[in-house]
Amino acid sequence: MASNGVEEAFAVGSVLQAMLTMRSGDNEKKKQAADYLAKFQKSKAAWTTTISILQSSTEAEAQLFAATTLKGKITYDLATQVSEGDLPALRSQILMLLKKYAPGPKPVRVQLCVCLAILAIQMQTWKDVLPTVVSTLGNDVTSHACILDFLRVLPEEVTEGRKITLSEEELTQRTSELLGDNAEQVVQLLINYAQSSTAAATNPQLFDCISSWLREVPVGVVVNSPLMSAVLHGVANDNSLLAAADCLTVICRETKEVDDNRDTIALLLPRLLELRPRIQALVDEEDTEGFKAITRVFAEAGESWALLVAREPQHFRPIVDCLLECCARDKDKDVLHYTFNFWYELKQYLTLEHYIEARVQLVDVFAQLVDILLKQLEYPASDDPNNVDLFDGDREQEEKFREFRHHMGDTLKDSCEVMGVSACLTKVYDAIKLWQEKFGGLASPTSVPHWQSLEAPLFAMRAMGRMVDNADSSVLPQIFPLLVQIPVSNEKLRFAAIMVFGRYTEWTAAHPEFLEPQFQYIVSSFQSDSQEILRAAAQSFKYFCTDCKSLLSQQVIQLQVFYDGILDKLPMPSKEEVTEGVAVVLGVQKPEEIYSLLKLYCDPLINRLMVKANQATDEKSKVDLADHINLLTNFAQYVVPYIPSGQENPSVKYWQEVFPILSTILDNFISFIPICERVCRCWRNMVISYRTAITPLLGPLANKLAEGFAASKQGCFLWATSAVLREFSEDREHVEDGITDNIYVFFEAQATSVLRTMSDIKPIDLPDVIEDFYRLLIDALLYYPTKLIPSPLFTPIFQAAISALSLEKQEPVSAALHYIRDLLTYGGPNPATSSDALGTSGAQLRQIVKQLLLEQGGALIKQTMAGMMFTFPSDCFADGSGVLLHMFQLLPQETAAWVESTIQMLPAGTVTPVEANRLLGKIREKLSGSDSDRRQIRILMQDFTNTYRRRYVAPRDGLGQLEATQFHFSG
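If you're wondering where the values come from, they're calculated on a predicted model, not measured in any experiment.

Chemist: Could you clarify how one ought to interpret the overall build of the protein in this entry?
Modeler: Helix and strand counts for the protein stand at 51 helices and zero strands. Viewed in the frame of its principal axes, the protein has a C-alpha envelope of about 95 × 85 × 60 Å. Taking all 971 residues of the protein together, 54% fall into the buried category. In the protein, the proportion of contacts linking residues at least 24 apart, taken out of those at least 6 apart, comes to 75%. Carbon and sulfur atoms form 49% of the exposed surface of the protein, whose accessible area is close to 41100 Å². For the protein, the separation between the mean place of its 89 positive charges and that of its 122 negative charges on side chains is 3 Å.

Chemist: It is not clear to me how the packing of aromatic side chains should be interpreted in this structure. Could you clarify?
Modeler: The description of an aromatic ring pair rests on the distance of the ring centres and on the angle between the ring planes. According to the stated counting rule, one finds 30 aromatic pairs in the structure shown. Ring centres of W343 and F366 lie 5.7 Å apart, and the angle between their planes is 70°; this geometry places the pair in the edge-to-face category. Separated by 23 residues along the polypeptide, W343 in helix α22 (residues 336-350) and F366 in helix α23 (residues 356-376) bring together distant segments of the chain. Under the relative-accessibility criterion, W343 is labelled buried at 1%.

Chemist: Help me understand the environment of I191 in this model?
Modeler: Position of I191 among the secondary structure elements: in helix α11 (residues 183-194). Classification of I191 by relative accessible area gives buried; the value is 10%. C-alpha separation for the pair I191 and P226, spaced 35 residues apart in sequence, amounts to 6.6 Å.

Chemist: Where do I start with the confidence of the model for the protein in this structure?
Modeler: Do not read the fine detail of predicted coordinates wherever pLDDT is low. Per-chain confidence: the protein averages 89 in pLDDT, with 95% of residues scoring 70 or above. Averaged pLDDT values over the elements of the protein bottom out at 66 in helix α46 (residues 835-838) and peak at 97 in helix α34 (residues 572-586). Scored below 50 in pLDDT, residues 1-7 shows 18 contacts in the model against residues more than four places distant or in partner chains.

Chemist: Mind showing me how you'd approach a negative patch on the surface here?
Modeler: There is a patch of like negative charges on the surface, built from D284, E285, E286 and D332. Along the chain, the position of D284 falls in helix α18 (residues 276-284).

Chemist: I tried to follow helix α39 (residues 695-712) on my own but got confused; where do I start?
Modeler: Residues spaced three or four apart along an α-helix point in a common direction, a consequence of the helix completing one turn every 3.6 residues. Between the first and last C-alpha of α39 there are 25 Å, a value that for 18 residues agrees with the 26 Å anticipated at 1.5 Å per step. Where α39 bends most, at L701, the angle is about 25°. What α39 keeps buried is the set L697, L698, L701, A702, K704, L705, G708, F709 and S712. At the C-terminal side of α39, K713 shows a positive phi close to 55°.

Chemist: Looking at this structure, how should I read the environment of L788?
Modeler: Within the secondary structure, L788 sits in helix α43 (residues 785-788). In this structure L788 comes out as buried when scored by relative accessible area, which is 1%. Taking the C-alpha atoms as reference points, L788 and V258, separated by 530 residues in sequence, lie 58 Å from one another. Non-local contacts of L788, meaning those with residues more than four positions away in its chain, are made with Y744, F747, L777, A780, L781, F794, I797 and Y819.

Chemist: Explain the nonpolar core here, please?
Modeler: Within soluble globular proteins, side chains that are nonpolar generally end up buried alongside one another. The biggest cluster of nonpolar side chains holds 342 residues, and the ones touching the most others in it are F635 and Y819. Examining the composition of this core, we find that eleven residues originate from one element, helix α7 (residues 106-122), more than from any other. Y819 has contacts with Y774, L777, I778, L781, L788, F794, I797 and A801, leaving out every residue within four places of it along the chain.

Chemist: Is there a simple way to think about the side chain of R109 in this case?
Modeler: Looking at where R109 falls in the secondary structure, it is placed in helix α7. Once you skip the residues sitting within four places of it in the chain, R109 turns out to touch L98, Y101, A102, P103, G104, A145, C146, D149 and Q205.

Chemist: Looking at this model, I keep getting lost on the environment of E677. Mind explaining?
Modeler: Mapped onto the fold, E677 is located in helix α38 (residues 673-690). Along the chain, E677 and K612 lie 65 residues apart, while their C-alpha atoms are 17 Å from each other.

Chemist: How do you make sense of unusual backbone geometry when you look at a structure like this?
Modeler: When glycine is set aside, most residues are seen to have a negative phi, and most peptide bonds are trans. The step from G104 to P105 runs through a cis peptide bond, and the omega angle for that step is 0°. Turning to its location among the elements, P105 is positioned in the loop between α6 (87-101) and α7. Phi is positive for K333, which is not a glycine, with a value near 60°. Take K333: it is sitting in the loop between α21 (313-328) and α22. Given a relative accessible area of 23%, K333 falls into the partly exposed group.

Chemist: Explain the pattern of salt bridges to me, please; I cannot follow it from the model alone.
Modeler: Pairing is possible between side chains of opposite charge, provided their charged atoms come close. Tallied over the full model, the rule gives 37 salt bridges. For D667, the salt bridge is made with K704, and the minimal N-O distance between the two is 2.7 Å. Of the two residues, D667 sits in helix α37 (residues 650-668) while K704 sits in helix α39, which places them 37 residues apart along the sequence. Using a relative accessible area of 45% as the deciding quantity, one classes D667 as partly exposed. In this structure, a network of salt bridges that share partners links the residues K127, R174 and E177.

Chemist: Would you take a moment to explain the side chain of N182 for this structure?
Modeler: Topologically, N182 is positioned in the loop between α10 (168-178) and α11. A polar contact of 2.9 Å, which involves the side chain of N182, links it to the backbone oxygen of L178. Excluding residues within four positions of it along the chain, N182 makes contact with L130, E177 and W213.

Chemist: Quick question: what am I supposed to make of the packing of helix α36 (residues 619-638) against α38 here?
Modeler: How two helices pack is summed up by the angle between their axes together with the distance between the axes. Relative to each other, α36 and α38 sit at 5°, their axes nearing to 8 Å. Here α38 runs roughly parallel to α36, going by the angle between their axes. Counted together, K622, L625, A626, D627, I629, N630, T633, F635, A636 and Q637 of α36 and P674, I675, R678, V679, R681, C682, N685, M686, S689 and Y690 of α38 form the full contact between these two elements. For the contact of α36 with α38, the residue count by class is eleven nonpolar, five polar and four charged.

Chemist: What exactly am I supposed to notice about the state of the cysteines here?
Modeler: Two cysteines joined by a covalent bond between their sulfur atoms form a disulfide. In the structure shown here, the tally under the stated rule is zero disulfides. As a non-bridged cysteine, C322 has C326 as the owner of its nearest cysteine sulfur, 6.9 Å distant. C322 sits in the buried class, given a relative accessible area of 0%. C602 takes part in no disulfide bond, and the closest cysteine sulfur, belonging to C682, lies 9.3 Å away.

Conventions used here
Note on numbering: residues in each chain are counted from 1, in written sequence order. For this predicted model, a pLDDT threshold of at least 70 governs which residues receive local features, and a threshold of 80 or more governs which side-chain atom pairs are given and counted, while totals over whole chains, interfaces and linings are taken from all residues. Processing note: side-chain calculations cover all non-hydrogen atoms of the structure and skip hydrogens and water entirely. Under the DSSP-based scheme used, a helix requires at least four consecutive residues in state H or I and a strand at least two consecutive residues in state E, with every element numbered from the N terminus. Working definition: with a 1.4 Å probe on protein chains only, accessible area under 20% of the residue-type maximum means buried, over 50% means exposed, and in between means partly exposed. Every residue pair with non-hydrogen atoms within 4.5 Å of one another is taken to be in contact. Per-residue and other accessible areas follow the Shrake-Rupley method at a 1.4 Å probe size, with only the shown protein chains counted as cover for residues. Positive charges come from Lys and Arg, negative ones from Asp and Glu, while His and the chain ends are left out of the count. Each charge is placed at NZ for Lys, CZ for Arg, CG for Asp and CD for Glu. Centre distance within 6.5 Å is the pairing criterion for rings of Phe, Tyr and Trp, where only the six-membered ring of Trp is used; planes under 30 degrees apart are then read as stacked, over 60 as edge-to-face, and the remainder as tilted. The pLDDT score gives, residue by residue, the confidence of the prediction method on a 0 to 100 scale. Exposure above 30% relative accessible area and the lack of any salt bridge qualify a residue for a patch; like charges then connect within 9 Å, and the nonpolar side chains Val, Leu, Ile, Met, Phe, Trp and Tyr within 5 Å. One speaks of a salt bridge when a side-chain nitrogen belonging to Lys or Arg is within 4 Å of a carboxyl oxygen belonging to Asp or Glu. Expected helix span is computed as 1.5 Å times (number of residues minus one). Two axes define the bend at a residue: one fitted to the seven residues ending there, one fitted to the seven starting there, and the bend is the angle between them. Within this scheme, the nonpolar core is defined by two criteria: the residues are buried Ala, Val, Leu, Ile, Met, Phe, Trp, Tyr or Cys, and they are joined through side-chain atoms within 4.5 Å. By the criterion applied in these results, polar contacts are pairs of N or O atoms within 3.5 Å in which, for protein atoms, one can donate a hydrogen and the other can accept it, and in which residues neighboring in sequence qualify only through two side-chain atoms. As a rule, the C-alpha atoms of each element are fitted with a line to give its axis, helices using only the stretch in contact, and angles between N-to-C directions run from 0 to 180 degrees. In what follows, roughly perpendicular refers to angles from 65 to 115 degrees, roughly parallel to angles under 35, roughly antiparallel to angles over 145, and oblique to any angle outside these ranges. Classification used: nonpolar for Ala, Val, Leu, Ile, Met, Phe, Trp, Tyr, Cys and Pro, charged for Asp, Glu, Lys and Arg, polar for all others including Gly. Disulfides are defined in this document as cysteine sulfur pairs within 2.5 Å.

In structure tokens:
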């Protein structure tokens, strides 16, 4: 193993002083103290120092730090820093410390219990864990809290045992010894404790313990024992209500496999129903936390037994009624969300044909639920009918309420599926009519009384939009004439009406007689000064244009006048939405009209663009210019007429005129990244939209992309290049061979330029370029394998990819790994490009790839393992292990040797010879087996690297021999 230097000494006083420094305001000293404490926590000296602090310190913060450090040492360093012969002494010290801290402080006591539990898992020779702990701690009242804490954390720590350096077999055996073999004894211990005194029977720790052991103890054992009565008694007691309710929730959850737990559920159901009076009592007492707890119990029972509710609706109806009562009594919207998942689960069953009878019996429940939700959707009431700020300026509370309403909207959709959309919409219609009858006559241009009770059904209608069949004509024809009369003086109401119109555009497209009044309502809303109304109007306008584009196509000239008139007053996101809308309408016009219409719509945009370009001197104005380019991109995306091959495309004809203007803007702002990105995005969309019809622009476009990357070193030019490469690949129709060859030459020039850049600049300073480069290379490898793999660039591209694996950012590492994984397929029988497409070249490519791997495989394995152990973001682990697996499949013996070599490079003391030999032995065993055995090597490597990563962080002075070498390119 690689040496890691002489260990620093850590005196108790120095450690305590560093802790005091962490409280100071001096950031530089705090950083030094943090570095010192981090080194201390990984040192061998930390064992004796932490125990010494725990034995002598009187300060709670120091005690907790020491206990937490000791937990980390036992979790990650026990196997490498403590000999097996010293384990009994360590156990005795922890037991003595537990006895000392049994009275408290509780956080320290709990951490010490966790220490003991983790030690028990790893100390495989310790067979009498429970008797030892109980007898050592004694039978006095203060010790009971300590024993209960230990019993609670033991199953949790065993379940999380993958962070401990035991093999799967050892962990399975230890789980059986610590949990399975002790389950019966623990249940009896808890029964004895619960019956020992009144205080014990309502001790929250007791219920926490029961919850923890329900992972191991069959739920039927608990339900049939005196513990069940203790839990129910605890729910009735104010001091233990929360813990007992949580325990009861876990009990219900453990009966989710209903067919296996019918007898248990039969006992539980009547006991749960006895708790129903607690709902009203807790509401009357204004005990919010208690109300939440009891609702969670019923919600968990409902979720777990939803299948039984569908099978036996009459028998389980009382549970459903309990949940309905919780919803109805929830005046402050504290508990409603706990029930959402139950209504969803129940809906999933009731909408099956098999449970149609239950659906009929329970439809009234969902009807009541809709009534409750319509009321709960209302904004808070206000004495001032003109007040729309109902949260006293608390934007966070208002945002939470809005988010909560959207969740209620999902439950409304569930109700729609059970009741039928017409029944739900009828309730909405009735609510609107009721408001009209009671308050409609009192509304004025300046005041709308009780607008909350009108806005809520509008929101509900919006939520149900996706559920409505476009052919439906039962209720909506009665509602829409009412909606266009919604008073515009109230911002909330107008917003709600606009959003409803936008949600029902598909229905309106099928019922064109309703289009004009709705569309005019939207268009007139653009005259509002409210930014929220403008945003809503822009969004709905886009939906109208998208879904009713054929109906609006006759208004294309009028739309341009409207578009040009309102564009400048809109915020940028709304500009994009409105632009997308008119572009979609433009896209359905006759091909012969496209060119003139593009000029009509886009020439004013180009004029604005040039004015903005001339005035863009500061960052804000440059960003505005960049955003304005995006508006043109919408037209390139959506105005794509069908033109037979060989004929001039009118859209391309127009973009040829615009191209020099965009090129000039790019040249003038080449150092401003957002403008580079927007221009590249526009060009990329042109290539994707018009495909080979873009050929007239291909030459100048390729030149600008090459010049752009050379001048700016920005990845967006590579991103745009990938679209060209893909659309003009060898397997595309209507592409001349000469064009394909020229495109590949263009690609190689771009790749050479990138490799030179990667040679001059460290990967950490090029994350975006690396990501876009390897995304481009994935396409090049797929579409041009017979050109790329024999190319002189193939090896340096691979070496650069290995260098990129040293990054800690997900996107570039992921792109490099994806490229490597695709490349590795060409070394085997199933390349990413089909074998038929490769033809006779397949064998030659396979040989080139294998030769590359023989030369560079050691570096690849080293960097991949270093990434998985130290630097890879979590999302890259699967691809990293995929690379390792593929290497074992292609070069099994060589890869095993490279893995062994990499392990030898790890810092001294971080992996024991036993661990290393165990891993290498298992790899050799799997390699000698079948192909499925070889696939298990991937799991072995994942387990090893994950365990290592959890135990150690990357050394502050670098990775030593595992450090990535700087990529150099001389081409």
